[in-house]
Amino acid sequence: MLEAAGSCFVEKGYEGTTMTEVAARAGAAIGSLYQFFPTKKALANALLEQYAQAVCAELKSFAAPSLRWTTAAWAEHLCAFLISFRKRHPAFLALVESMPKPAADGLSIRRRVRAELQALLAARAPHRSAEDILAMAVVVQQMMKGAAAIQAEPGMPGRQVALEHMQHAMQVYLHGVFKP
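My aim in this report is to walk through the structure given alongside it, one point at a time. In this text the structure is predicted, and so the values were computed from the model without any measurement.

Structural notes on the state of the cysteines
Okay, so step 1: This model, assessed by the stated rule, comprises zero disulfides.
Okay, so step 2: With no disulfide of its own, Cys56 lies closest to Cys79 among cysteine sulfurs, the gap being 19 Å.
Okay, so step 3: For Cys56, a relative accessible area of 9% puts it in the buried group.

Now the structure itself:
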């Protein structure tokens, strides 16, 4: 049901999607859908939570290998991360952008992702204070979002060159972060 909902949200946005469409796409009775998800908002929130768990799990999987990465590899992996995640989970962006929600929902996901970034950065730069690591995680997260925004802009001329520049900027920034 969540997969069907994701497809509907991508095609029609949050407002344009109906529970009837989701049930039909899932091949389920509408009553079954309502049994698990009493409202469209509950359905969308369940899908967002699934995505939040997936994005955090993927970032956690970087923990061991990232200790051996060069600064260039860090920049490459982090710049590509949200681009790849959004390609594999297109409803994530559709929901984040179109779902009317309290600001706390999106803030919660951002904070969870930031916490994963903090853990990665703290392991690689243990000489930095917790305050610095938090600030650095915020900057890295924004750079990752910037790379994803460049990739997502329709018809952008010079997209690949812009992404290479973003990756270079991330590399230069991380070099300063990791330097003792």
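Now, onward.
Quick notes on helix α10 (residues 159-178)
Okay, so step 1: Taking 1.5 Å per residue as the helical rise, α10 with its 20 residues ought to reach 28 Å, and the 28 Å between its terminal C-alpha atoms agrees with that figure.
Okay, so step 2: Inspection of α10 places Arg159, Leu163, Met166, Met170, Leu174, Val177 and Phe178 among the buried residues, and these make up the whole buried set. All buried residues of α10 lie within an arc of 100° about the axis, which places them on one face of the element.

Some details on the packing of aromatic side chains
Two aromatic rings are characterised by how far apart their centres lie and by the angle between their planes.
Okay, so step 1: A full pass over the atoms with the stated rule returns eight aromatic pairs.
Okay, so step 2: Each ring, one from Phe9 and one from Tyr14, has its centre 5.9 Å from the other, and the planes form 20°; the classification is stacked.
Okay, so step 3: Residue classification places Phe9 among the buried positions, given a relative accessible area of 1%.
Okay, so step 4: One aromatic cluster is present, built from ring pairs that chain together Tyr51, Phe62, Trp69, Trp74, Phe81, Phe85, Phe92 and Phe178.

Examining the pattern of salt bridges
Okay, so step 1: Tallied over the full model, the rule gives five salt bridges.
Okay, so step 2: Glu21 is the salt-bridge partner of Lys12, the closest N and O atoms lying 2.4 Å from each other.
Okay, so step 3: According to the relative accessible area criterion, Glu21 is partly exposed, its value standing at 23%.
Okay, so step 4: When the shortest N-O distance is used, the salt bridge between Glu58 and Arg88 registers 2.8 Å. Taken together, the residues span a long stretch of sequence, with Glu58 in helix α4 (residues 40-60) and Arg88 in helix α6 (residues 71-88) at a distance of 30 residues.

A closer look at the environment of Arg114
Okay, so step 1: Position of Arg114 among the secondary structure elements: in helix α8 (residues 103-124).
Okay, so step 2: Sequence spacing of Arg114 and Val140 is 26 residues, and the spatial spacing of their C-alpha atoms is 8.8 Å.
Okay, so step 3: Once residues lying within four places of it in the same chain are set aside, the contact partners of Arg114 are Leu134, Ala137, Val138 and Gln141.

Remarks on the packing of α6 against helix α7 (residues 90-98)
Okay, so step 1: Here α6 crosses α7 at 95°, and the two axes come no closer than 4 Å. One element, α6, and the other, α7, form an angle in the roughly perpendicular class. On α7, the residues touching Phe85, Arg86, Lys87 and Arg88 of α6 are Pro90, Phe92 and Leu93.

Quick notes on the rules
- Residues numbered from 1 in each chain as written.
- Predicted model: local features only at pLDDT ≥ 70, side-chain atom pairs only at ≥ 80, totals over all residues.
- Heavy atoms only, no water.
- Disulfide = S-S within 2.5 Å.
- Buried < 20%, exposed > 50% of the residue type's maximum accessible area, 1.4 Å probe, protein only.
- Helix = DSSP H or I, 4+ residues; strand = E, 2+ residues; numbered from the N terminus.
- Expected span 1.5 Å × (residues − 1).
- Arc of directions from axis to C-beta.
- Phe/Tyr/Trp six-rings, centres within 6.5 Å; stacked < 30°, edge-to-face > 60°.
- Salt bridge = Lys/Arg side-chain N within 4 Å of Asp/Glu carboxyl O.
- Contact = heavy atoms within 4.5 Å.
- Axes fitted to C-alpha atoms, helices over the stretch in contact; angles between N-to-C directions.
- Parallel < 35°, antiparallel > 145°, perpendicular 65-115°, else oblique.

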